[in-house]
Amino acid sequence: MRTVVFLMFVLLSMTHSVSRPQCHSCERTSCKCSRQNLTKVPAVPSNVITELDLSFNRLGIITSDDFVAYTSLRLTGQFNMSAPQKVDHLEVLILKNIDIPRYYSYPVLFLLKPILKEVQKLTLIHSKLFAVPCKTSGDLLDLEFLDITGNLITDLVLREMMCNGNGVLFNLQTINISRNHLRSINSQLFTKLDKLKNIDMSGNIIYTMPETCNWPPNLQYLNLSSMHLEKATTCLPTSLRIIDLSYNDLTGFNIELPLLTELYISGNKIKSLPDGGLYPRLSFLSIQNNDLNAFSKNDLKTFKILKNLEAGANTYDCSCDFLAFMTSDLTNHRITFGDEFKSYICDSPDAARGKTVADARLSVFECHTALALSLLGLGILAVFLLFAGLCHRFNVMWYMKMTWAWLKAKRKPKLKKGEFEYDAFVSYSEMDSGWVEAHLIPELEQSEPPLRLCLHKRDFVPGSWILDNIMNAIEKSHKTLFIISKHFVRSEWCKYELDYTHFRLFDQNVDTVVLILLEPIDKETIPKKFCKLRRVMNSRTYLEWPDEDNQINRFWQSLRAAIRRPVDIIRFNVDE
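Presented here is an overview of the structure given in this document. Source: prediction; values computed, not measured.

### Quick look at helix 15 (residues 552-563)
Part 1 of the reasoning: An ideal rise of 1.5 Å per residue puts 16 Å on 12 residues; helix 15 measures up with 17 Å between its terminal C-alpha atoms.
Part 2 of the reasoning: Looking at helix 15, one finds that the buried residues are Ile552, Phe555, Trp556, Leu559, Arg560 and Ile563. When helix 15 is viewed along its axis, its buried side chains cluster within an angular range of 130° and face the same direction. For helix 15, exposure combined with an orientation more than 90 degrees from the buried face picks out Asn553, Arg554 and Gln557.
Part 3 of the reasoning: Buried residues along helix 15 sit in contact with strand 18 (422-427), helix 10 (433-445), strand 20 (477-484), strand 21 (513-517) and strand 22 (543-544).

Here you go:
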């Protein structure tokens, strides 16, 4: 039967077997065991031994327990393994945490050359390894697993170890060169390794990724985490099943990898979920500790067979849709969360900040903002329409205009009785202009003495605001003559003239209104907006245009007497 031997150098304190031979030349911290014909590693005399010289002995068998008691060991000298026939097959070689100052001259790998050809798993970690000759790599004919984590491997050393990619380690399936001093990704070194499936380059100082690379055809696992990559490129091989790009400086990841089943992109600056259509076989996604602020059911639907999602430790915008999706919709969703809900913390809105998505609660107004704003807008519109209807119903705008005109008139100096420019301002509907021009004007302006009338067609100042013209005309006239007809009560301007005159009547306490009823009008048929006209007709007498011709002269006499100013009456009587 073949003997399986494990060679292990470790920094652990354990009870050493008393069956070990003793070294006869030990001082305080060192043992010089050279040329003592030792066949086994000697027992440690004390736990402070830091230097052990085993050169020129007969170490035929080295087991995994030979060095466990040496807590701070540094190996020196040369090994004379004169009985290698005792080691039938060396499958696993593990060296951890050893300190060899002159590593390049360390002869153990050369002395073990006959055995190294059979090694399948080699681990040499945290040992300040800084050089691996191409020749040594060529001796590892059956090597399937190589772990040289935490050493001093640079790009140049890696090229030497891989013989510049010209062909070495053809049986290698896994290589771990993490936490070394690599500064670039050189896929050419592994291109010819058809059996290589796993590469771990994490923890190196690499800032950029080439746009294109030539990887082994069967590469399935690639670890590029904990570096400084700012962008992922098509350098990534499409044969990958698992990719780890965690804890870099990526702002997005959208590289098509049709065979990918697990994606690790936590600890970056990514703001949205990747496009699931690029990963039709993805079943696990880890995107924790990024700049992700929300995702929805539609985002997850793009992942056809995603089963597990880890997306905690992000600054989430806990909108109503997001909270509803996280707390209720997920119960019917095929995706499960590998991390706990307590790691999903809300950053906004203010009412939910600092709370987990399971504890956050938003008001109905916050959850239905659009509907609430719509209802509020409709309410404001309804109030506005109601106000507008009431204003139209009660002629509020007319009163406002009239009040404004009255206030403007109040600021003007009042005219004295002898300073009136007109005897009467005539307010009439345009539909009654025929009667005014045919009868009223000739009878009053051509009488003796003549009366001067103010007519809007003739005497209003062109270009001035019509309200100002009306206000000035009424202010400059001794009387205001209203020609009342069915057309008059339909005229908005006539109503304004009537309202302003009514205000003047009460403000100045003067009798300035003369009404002429051009045709019979039932007071009840007068629109309510002409409430002033109703009031004047109820409290004052008015002249009616007679139906009989013999009454017309008397009508004109009464009208002239109502319009004339007192000074004109006195002058007229004296003239008579």
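### With respect to the packing of aromatic side chains
Part 1 of the reasoning: Tallying each qualifying case throughout the model produces 15 aromatic pairs.
Part 2 of the reasoning: Ring plane angle 10° and centroid distance 6.0 Å describe the contact between Phe253 and Tyr279, whose orientation is recorded as stacked. Note that Phe253 is positioned in the loop between strand 11 (242-244) and strand 12 (262-264) and Tyr279 in the loop between strand 12 and strand 13 (284-286), a separation of 26 residues in sequence. Across the pair, exposure class does not vary: Phe253 and Tyr279 are buried alike.

### Topic: the nonpolar core
Part 1 of the reasoning: Ranked by size, the top nonpolar core spans 83 residues in total, and within it Phe190, Leu224, Leu236, Leu245, Phe253 and Phe295 carry the most contacts.
Part 2 of the reasoning: For this core, the element with the highest residue contribution is helix 6 (residues 320-327), accounting for 5 residues.
Part 3 of the reasoning: If we skip the residues at most four places from it in the chain, Leu245 touches Met209, Leu224, Ser225, Leu229, Ala232, Leu236, Leu250, Phe253, Tyr264, Ile265, Ser266 and Asn268.
Part 4 of the reasoning: Within the second largest apolar cluster, 22 residues are counted, among which are Trp435, Ile516, Trp545 and Leu559.

### What to know about a nonpolar patch on the surface
Part 1 of the reasoning: Together, Leu371, Leu375, Leu378, Leu381, Phe384 and Leu385 make up a nonpolar patch on the protein surface, roughly 630 Å² of accessible area in all.
Part 2 of the reasoning: Structurally, Leu375 is set in helix 8 (residues 369-393).

### Quick notes on the state of the cysteines
Linking two cysteines covalently through their sulfur atoms gives a disulfide.
Part 1 of the reasoning: Under the definition given, this model contains 5 disulfides.
Part 2 of the reasoning: Two residues share a disulfide in this structure: Cys213 and Cys235, whose sulfurs sit 1.9 Å from each other. A torsion of -95° about the S-S bond marks the disulfide between Cys213 and Cys235 as left-handed. Of this pair, Cys213 sits in the loop between strand 9 (198-200) and strand 10 (221-223) while Cys235 sits in the loop between strand 10 and strand 11, and the two are 22 residues apart along the sequence. For the residue pair Cys213 and Cys235, the accessibility class agrees, reading buried in each case.

Conventions we followed
Residues numbered from 1 in each chain as written. Predicted model: local features only at pLDDT ≥ 70, side-chain atom pairs only at ≥ 80, totals over all residues. Heavy atoms only, no water. Helix = DSSP H or I, 4+ residues; strand = E, 2+ residues; numbered from the N terminus. Expected span 1.5 Å × (residues − 1). Buried < 20%, exposed > 50% of the residue type's maximum accessible area, 1.4 Å probe, protein only. Arc of directions from axis to C-beta. Contact = heavy atoms within 4.5 Å. Phe/Tyr/Trp six-rings, centres within 6.5 Å; stacked < 30°, edge-to-face > 60°. Core = buried A, V, L, I, M, F, W, Y, C linked by side-chain atoms within 4.5 Å. Patch = residues over 30% accessible without salt bridge, like charges linked within 9 Å, V, L, I, M, F, W, Y side chains within 5 Å. Areas by Shrake-Rupley, 256 points an atom, 1.4 Å probe, with all protein chains shown as cover. Salt bridge = Lys/Arg side-chain N within 4 Å of Asp/Glu carboxyl O. Disulfide = S-S within 2.5 Å.

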